[in-house]
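# Architecture at a glance
Here's the letter readout for the chains.
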Amino acid sequence: MTSRIIIEAIKNSRTVLTEVEAKKLVASAGIPAVKTMLASSKADAVRISRKIGYPVALKIVSPEIIHKSDSGGVHLNLENASQTGKVYSEMMAKAQETYPRADILGVAVQKMASPGVEVIMGMSRDPHFGPALMFGLGGVFVETLKDVSFRIVPIKKRDAKQMIKEVKGYPLLKGARCQKPVNIKALENMLVKLSDLVHKTPEIKELDLNPVVVDSKHAMAVDARVILEGST
Amino acid sequence: MNSNDITKIDAFFNPSSLAIFGSLREIMGTAFWAIKNLQDFGFSGNIYPINPAAEKYDGVRGLKVYSDICDISGRIDLALILTPPETVPGIVKKCGEKGVKAIIILSEGFAESGEVGAGYQSQAVEFARNADMRIMGPNTFGVVNPSNGLFTIPPYVDNEKLEDGGIAVCSQTGSIGPHQMPLQDWSFPISKMCDIGNKCDVDETDILNYLANDQETKVIAMHLEDVRDGTRFMEAAQRVTKIKPLVVLKAGRSQAGGKAAASHTGSLMGNDKIYDAAFKQTGIIRVNTWREFWEVPRTLVCQPLPKGNRFAVMTFTGGQGILAVDAASDAGLSIAKFTKETDKKLKHVFHRLGSNPVDIGPAISDSRSQSAANPFETIETVSSIFLNDKSVDCATFTCYMGKHLIGLIPMLVDMFDKLSKNSSKAMNVWIYGTCLQSMEEFGRQLQKRNIPYYFDMDIAVKTHGYAAQYAEYRRSNK
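All of these numbers come straight from a predicted model, not from anything done at the bench.

About the criteria used
- Residues numbered from 1 in each chain as written.
- Chains lettered and ligands numbered in written order.
- Predicted model: local features only at pLDDT ≥ 70, side-chain atom pairs only at ≥ 80, totals over all residues.
- Heavy atoms only, no water.
- Axes fitted to C-alpha atoms, helices over the stretch in contact; angles between N-to-C directions.
- Helix = DSSP H or I, 4+ residues; strand = E, 2+ residues; numbered from the N terminus.
- Parallel < 35°, antiparallel > 145°, perpendicular 65-115°, else oblique.
- Left-handed = near helix turned anticlockwise from the far one by under 90°.
- Contact = heavy atoms within 4.5 Å.
- Buried < 20%, exposed > 50% of the residue type's maximum accessible area, 1.4 Å probe, protein only.
- Pairing = 2+ DSSP bridges.
- Domains from an automatic or database assignment.
- Core = buried A, V, L, I, M, F, W, Y, C linked by side-chain atoms within 4.5 Å.
- Buried area = accessible area lost by both parts, 1.4 Å probe.
- Salt bridge = Lys/Arg side-chain N within 4 Å of Asp/Glu carboxyl O.
- Polar contact = N/O pair within 3.5 Å; in protein donor to acceptor, adjacent residues only side chain to side chain.
- Nonpolar A, V, L, I, M, F, W, Y, C, P; charged D, E, K, R; others polar.

All names here are of chain B. Contact geometry of helix 14 (residues 375–387) with helix 15 (residues 409–421) gives a least axis separation of 10 Å together with a crossing angle of 20°. The orientation of helix 14 with respect to helix 15, classified from their angle, is roughly parallel. In this structure, helix 14 crosses over helix 15, and the sense of that crossing is right-handed. Between helix 14 and helix 15, the contacting residues are F376, I379, E380, S383, S384 and L387 on the first element and M411, L412, M415, K418 and L419 on the second.

This part is about the pairing of strand 2 (residues 46–50) of chain B. Remember that side chains alternate between the two faces of the sheet whenever the strand is regular. Residue and element names in this part refer to chain B. In terms of burial, strand 2 is a largely internal element, four of the five residues being buried. Two elements, strand 1 (residues 17–21) and strand 2, share five bridges in a ladder whose sense is parallel. What sits directly across from S17, in strand 2, is N46.

Moving on to the domain arrangement of chain A. Domains assigned within chain A are domain 1 (35–111) and domain 2 (117–228). Once you take the C-alpha centre of each, domain 1 of chain A and domain 2 of chain A turn out to be 27 Å apart.

A few words on the environment of K94(B). Residue and element names in this part refer to chain B. For K94, the position within the fold is in helix 3 (residues 88–98). Residues K94 and D68 lie 26 residues apart in sequence; the distance between their C-alpha atoms is 8.4 Å. Discounting residues that sit within four places of it in the chain, K94 has contacts with D68, I69 and C70.

This next bit is on the nonpolar core. F12(B), L18(B), I20(B), I207(B), L208(B), M222(B) and L246(B) are the most contacted members of the largest nonpolar core, which has 65 residues in total. Element by element, the count of residues in this core is highest for helix 2 (residues 31–40) of chain B, at six residues.

Turning our eyes to something else, we now look at the side chain of S107(B). All names here are of chain B. The residue S107 is located in the loop between strand 4 (102–105) and helix 4 (115–130) in this model. What makes S107 buried here is its relative accessible area of 9%. Beyond its immediate stretch of four places on either side in the chain, S107 contacts I81, L82, T83, V88, P138 and N139.

This part is about the interface of chain A and chain B. Accessible area lost upon the coming together of the parts is a frequently used measure of interface size. Counting residues at the interface gives 30 residues for chain A and 27 residues for chain B. Of the roughly 2300 Å² buried at the junction of chain A and chain B (both faces included), carbon and sulfur atoms supply 58%. When the area that chain A buries against chain B is broken down by residue, the three leading residues are F129(A), F150(A) and R158(A), summing to 30%. The tally of links between chain A and chain B comes to one salt bridge. Where E166(A) meets K280(B), a salt bridge forms, and the shortest distance between an N and an O atom there is 3.0 Å. Joining chain A to chain B, the criterion identifies five residue pairs in polar contact (both at pLDDT 80 or more). Counting only elements with at least two residues in the side of chain A that touches chain B, the list comes to strand 5 (117–126), strand 6 (130–137), helix 5 (140–143), strand 7 (148–152), helix 6 (157–166), strand 8 (204–214) and strand 10 (224–228) of chain A. Take the side of chain A that touches chain B: its biggest share by element is seven residues, from strand 5 of chain A. Tallied by class, the residues present in the side of chain A that touches chain B amount to 14 nonpolar, four polar and twelve charged.

Printed below as a string of C-alpha cells:
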C-alpha cells in the first residue's frame, strides 16, 4: 500500500518530500529516524523545542530547497528558547530572501543527535538492474574517497553484512582508536528495512539517509531526503 | 526456462541437420569454407548448402546444393546465414516456412553498422518471432560443440580438434573463440562455445539458463559487454551458481561512473559498481583480465571446491614460498597452520620441514640427509602428508621442469595424479623452469589427468582464492 505521504505529494505534483515527510516515511518502514516536527511560527518552534528537550537543531523546510545548508538553512546545538526563537526568525527571513519564489513551510525542529559515527545510506535506480542501495561512512570517506558499497534491491541480511564490511572505513565501525565498537547489527537491520521499503515503493526514485548516526547502542537517521519519480 | 525454450536453444548446439546460406566460392570466410570446417571437425549431422545458383553446382564437397530450403525433404534444425544483410530478412522468413528451430546470422552489417542495418535486423527478428524461431547474432562467429563436431566459424583456418570437456565459454565477441587461444595445446576442455554477437534475440540470460541444465557443462565462463535485463540475468545467475561456477569477465570496467542526480547516492552510483554488486549477490566469480578468464576455469572444472580458505604451498626455495604467501593474502586466502601431528611427520622426513609454506629444497638437496637419496619419493611423501592435514583446504605445488627432465614427465604426472586422487582437497601445480617445450608438455599431460597447471604462481594461487570465495557463497546460500 502506497504511503499517504507519497500519495499526497504526487497529488500536489511535488517530487521532493520535505524532511519531516521523508523521516515519517522511513520511520513507518521501521527505520529509526530522529523525531522531527514542523514549526510554522516562532512560538511553535520554541514550544516544540521545550517538548523534545534542548539542545535542538533547526532546519528550513521547503520542497524547493534541497541543499539546505548552502543557504543558511541549518542551525545546530541551540541551547534555549531565546536562541531558538532568534534563529527561527533569521532563518525564515534568509530563506525568503534567497528563494523569493519558494514555498517555505516553516522550520523542522529536532533533538540534537548524540555523538557517534556518521554513515550514509541511500538508494538510486539503475536502468538495467533497478533500485540499488548504497552504504558508506560519512564525511571525507564518502565525499573525497568515494568509499561506498552497493547492492541490488532486494537485499538479504548477508548482503547487508557484506556491504558494511566492504568499505575501507570498516575498522572505524569496529572501534578504532579506543572507541567502543558501534552496533553494526543495527546498521544491517536498517539496510534490510530500507531495501524492503524501496522494493515495495516504486514511486521513490532516489533516497538519502545522510547522515545516519550510529553508536554502540543505536543507529538513527538524522537527515532524510526522498525524491519521487516524475522529477527530471 | 520452459522445455520449449530449452529445445529451441538446444538446436543451436545439437542440431541433427543444418542448412547453410551463402557463397560457395572456395575462399576463406564463405559458406563453402564453413562447410569445409564442419566436415573437418566431423560434424555428425546432415549439411544442406543453399544457394540461388544451385543449378551451377554439381555438388559441393560431396553435398547436394539446393536453391530453396523448402525443397529439402528432411527436417532442418539449424540455419546458418552468411549472406549480405539486405537478403537476410527474406531468408529468415523462408526458414520459418520450412519449420527451422534456430538461426545463426553470421554476417555483419546490422545494428552495429547503423540505421539501415538495424532495420534488417529488426525485420529478421520479427519474422523469427512470428515463426517461433530463435536467432543468435547477427555479427557472430556462432557456435562450437566438440562433442558433435559442430563448428560454425567461417574464417577459421586450422583444423585441430578441441578437447571435449566441461568448460562452456560464451562471449559477446568473436575475439573470444577457439581461434584466439592455443586451446588444443593447453588441453583446455570445452563443452560448448558461443558468440552471442549483437544479441538481437538470444542473449546472455538465455544461454545461462540453457547451460545451467547442460550436463556436459561443469563451469561457465562468460564475457559480457552489457546485460540486457538485469533482473532476469540475476535470477538466472542465482540458479546457475547453486549448481556450477560462473566466471564472468565484464568489459568496460573503466567507463566513467556517476551521473547528475538529486541524491548523493545517485551521484556516486557508477555503472560498473552496479554490475559488481549484482555479481557479488549472485555468487558470480568476477575475473578482471583476459588471462584470468581462461586460466581460472581450468582449476574449477576438475578440482573439488575448497571447504575453506586455508591454503598450503610447497616450493623449491624459501623465496618462492614467501611470494606465494603474498599472493595468497592478496587472493583472500589464509595460510594454513599445520597440526602438531603433521609437523611431527614432516620433521621425521627432514628435520627442517614442518611449517607452511613447505620449502622442499633443502630436504632434497642436503646430501647428508636420507631424504635427498630419493628426491621424488621425498616430494611425494611430503606432499601427501601436508595435503591431507585437516587444516588445509587447498594447495599449490611447485614443480621445476627443464630440458633434461622431459623423460621424467610421466612419473611426475603419475605422482600428482595419485596425490589428487587420494585427496578431497583442491590442488594445482605451478610449473617453472628453463625449457618451454618440456614445461608445456608437462602441463598438457597434467591437465589431461585433471590436474590444473599454471606457468605463473600468482594465477595458480589466485585461482584457489576465487574458488574459496565461490565455495563460501555456496555454503551460505544453501
